[in-house]
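# Reading the structure
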Amino acid sequence: MEAILIEGGQPLVGTLAVSGAKNTALALLAATLCASGTTVLENVPELADVQVMLEVLTSIGVKVQRQHDGIALDASVLTSHTTPYDLVTRMRASFFVLGPILARLGQARIPLPGGCAIGSRPVDLHLKGLRALGAEVAIEHGYAIAKADKLVGAAIYLDYPSVGATETIMMAAALAEGTTTLTNGAQEPEIVDLAELLTAMGARIEGAGTECMRIEGRPDLVGVRHRCIGDRIEAGTFMIAAAATRGDLTLVGIRPEHVASLSGKLQEMGVSVTWTAPEALRVQATGELTPIDVRTLPFPGFPTDLQAQTMALLAMTPGTSMLTETVFENRFLHVDELLRMGANIKTEGNCAVIQGVRPLTGAPVRATDLRAGAALVVAGLAARGTTQITGVHHIDRGYERLEEKLISVGARITRSGVGETAKP
Ligand code: UD1
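The structure presented is a predicted model; accordingly, all values stated were derived computationally and were not measured.

Further remarks concern the domain arrangement of the chain. When cut into domains, the chain gives domain 1 (2–19 + 230–417) and domain 2 (22–227). Between domain 1 and domain 2, the C-alpha centre-to-centre distance is 30 Å. With 25 residues of domain 1 at the contact, the number on the domain 2 side is 19 residues. Taking both sides of the interface into account, the surface hidden between domain 1 and domain 2 amounts to around 1800 Å²; carbon and sulfur atoms contribute 51%. Summed over the three residues of domain 1 that lose the most area to domain 2, namely Phe-299, Arg-397 and Glu-400, the buried surface amounts to 29% of that side. At the boundary of domain 1 and domain 2, one finds 2 salt bridges.

Following this line, the structure appears as structure tokens:
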């Protein structure tokens with residue numbers, strides 16, 4: 001069994017390059033299906049989830065070629081309208097191929113992703129959007145089966161600004177006849193990046209990143225070259241780790257507006273966050289920090305994907321903080337693990353009340369999902385003594401070369417079989 005071992009207490013000091021954004025890359029990879037030609041995506045992170053998406057694309061005929069500066073994906077000929085069951089159950093985002101496959105082939109049969117550790121995660125809004133564009137959609141034998149002779153633009157209102165549903169609708173609408181207006185869609189940076197890719201391919205999209213988007217479809221989209229934005233969740237995790245270890249960390253490759261909510265909250269705690277270049281920021285923390293209240297929300301609100309890491313920081317910030325999770329119904333699985341490290345946290349429904357203690361102490365803990373794992377890394381970096389984290393495969397889904405990056409800024413972290421001690 002693999003484990004990450006951290007000898008805590010070292011301030012993170014230096015400069016780190018932020019990787020390409022996982023969630024954006026997954027959407028962009030699915031969107032390469034929209035073009036009957038070759039698309040080259042640059043700045044795609046090397047992650048387990050990306051590998052799963054590449055396997056999904058390969059399984060339906062996409063030719064994938066790794067180049068020195070990107071991944072070339074030739075989706076000229078799609079050989080199947082269905083994807084292997086085990087791939088979608090391994091990664092929920094593989095469901096995002098439903099829209100483009102339907103638009104390209106007139107039919108799609110994609111396994112339903114089902115629930116996951118952090119909540120039930122239905123796909124009703126994805127299906128609602130495709131139905132509005134004229135598709136017949138049925139759920140049979142664990143698959144979503146969609147058919148449409150042609151997709152036609154429509155006015156769609158989403159009950160909730162789901163990121164995945166917005167992406168599904170954008171990809172289908174980009175190949176639909178006429179214009180789609182999407183109201184109350186997601187406004188996340190990944191939506192804007194996807195809109196830029198689809199626009200470069202030939203669709204016309206206005207209002208991406210706002211509450212109302214207008215998508216004018218084209219019968220054919222062409223392959224292009226596109227660079228994926230930097231990962232705001234990876235950057236945010238490092239910003240929080242810098243604050244927790246009282247470090248001085250510069251991050252390059254991240255846009256300020258993508259981490260504005262976190263920057264604001266860190267500043268409220270007494271952490272200095274300054275922009276040193278258009279895509280670089282510096283986080284400096286010294287002395288005691290003050291407790292805060294945080295509520296997760298769709299973008300531009302505070303991201304649910306940084307809630308667990310923030311809780312780790314608040315757990316070691318003296319005073320009372322409150323965290324409210326509004327996006328997923330069961331996203332406090334990291335609490336029990338933080339308690340093992342000496343944290344004082346009480347949860348009631350979707351609220352957590354955190355009495356900060358200083359310091360946390362290293363302990364054997366288990367990552368239950370990706371961001372819960374990241375929270376344990378943050379806690380371990382600042383804790384006194386050794387933290388041993390198992391369930392490492394969850395962390396590998398979303399953090400590229402994690403140990404290498406952290407070691408380069410002073411962390412004492414290593415990966416090994418259980419029982420070995422952390423090395424500098
Ligand atoms: C994406 C991100 C994930 C992030 C989440 C919220 C990717 C690959 N993953 O996931 O890291 O945590 O956004 O920022 O981009 N919902 C419905 N019906 C639907 C779809 C969603 O009720 O059809 C609900 C979900 O159960 C959840 C909420 O909407 O409670 C948000 O989900 P959504 O925005 O769709 O998240 P994902 O796209 O799955």
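Our next topic: the site of the ligand. The full set close to the ligand counts 19 residues, and Asp-124, Leu-125, Ser-162, Asp-305 and Val-327 are the nearest of them. The separation between a nitrogen atom of the ligand and a polar side-chain atom of Asp-124 is 2.7 Å. At 2.6 Å from an oxygen atom of the ligand is found a side-chain nitrogen or oxygen belonging to Asp-305. In isolation the ligand has 740 Å² of accessible area, and contact with the protein removes 87% of it.

Attention now moves to the sheet that holds strand β9 (residues 155–157). What the 4 strands build is an open sheet, ordered β9-β10-β12-β11; its pairing is mixed. Of all the strands in the sheet, just β9 and β11 (204–206) have a single pairing partner and so form its edges. Ignoring which end each strand starts from, the neighbouring axes of this sheet average 15° apart. Of the strand pairs in this sheet, β9 and strand β10 (residues 179–183) are connected by 3 bridges, and their pairing is parallel. Bridge pairing in β10 places Tyr-157 opposite Thr-183.

Another aspect to go through is empty space enclosed by the protein. Overall, the coordinates contain 3 cavities of 30 Å³ or more when judged by the stated rule. One number sums up the size of the largest cavity: a volume of about 80 Å³. Every residue along the wall of the largest cavity is listed here: Ala-21, Lys-22, Asn-23, Thr-24, Glu-190, Ile-229, Gly-230, Asp-231, Arg-232, Ile-233 and Arg-371. The set of elements that each furnish at least two residues to the lining of the largest cavity consists of α1 (22–31) and α8 (232–244). With 3 residues, the single largest contributor to the lining of the largest cavity is α1.

Attention now moves to the side chain of Arg-371. Along the chain, Arg-371 turns up in helix α12 (residues 370–382). We note that Arg-371 is buried and unpaired, the nearest opposite charge coming from Asp-305 at a distance of 4.3 Å. There is a polar contact of 2.9 Å between the side chain of Arg-371 and the side chain of Tyr-399. Every residue in contact with Arg-371, bar those within four places of it in the chain, is listed here: Lys-22, Ile-233, Asp-305, Ala-308, Gln-309, Arg-331, Gly-398 and Tyr-399.

What counts as what
Residues numbered from 1 in each chain as written. Predicted model: local features only at pLDDT ≥ 70, side-chain atom pairs only at ≥ 80, totals over all residues. Heavy atoms only, no water. Domains from an automatic or database assignment. Contact = heavy atoms within 4.5 Å. Buried area = accessible area lost by both parts, 1.4 Å probe. Salt bridge = Lys/Arg side-chain N within 4 Å of Asp/Glu carboxyl O. Near = heavy atom within 4 Å. Polar contact = N/O pair within 3.5 Å; in protein donor to acceptor, adjacent residues only side chain to side chain. Areas by Shrake-Rupley, 256 points an atom, 1.4 Å probe, with all protein chains shown as cover. Pairing = 2+ DSSP bridges. Helix = DSSP H or I, 4+ residues; strand = E, 2+ residues; numbered from the N terminus. Axes fitted to C-alpha atoms, helices over the stretch in contact; angles between N-to-C directions. 1 Å grid on protein atoms, 1.4 Å probe; cavity = no way out; pocket = protein on both sides within 12 Å on 5 of 7 lines; lining within 4 Å. Points joined across faces, edges and corners; volume = space filled by probe spheres on them. Buried < 20%, exposed > 50% of the residue type's maximum accessible area, 1.4 Å probe, protein only. Lys, Arg positive; Asp, Glu negative; His and termini not counted.

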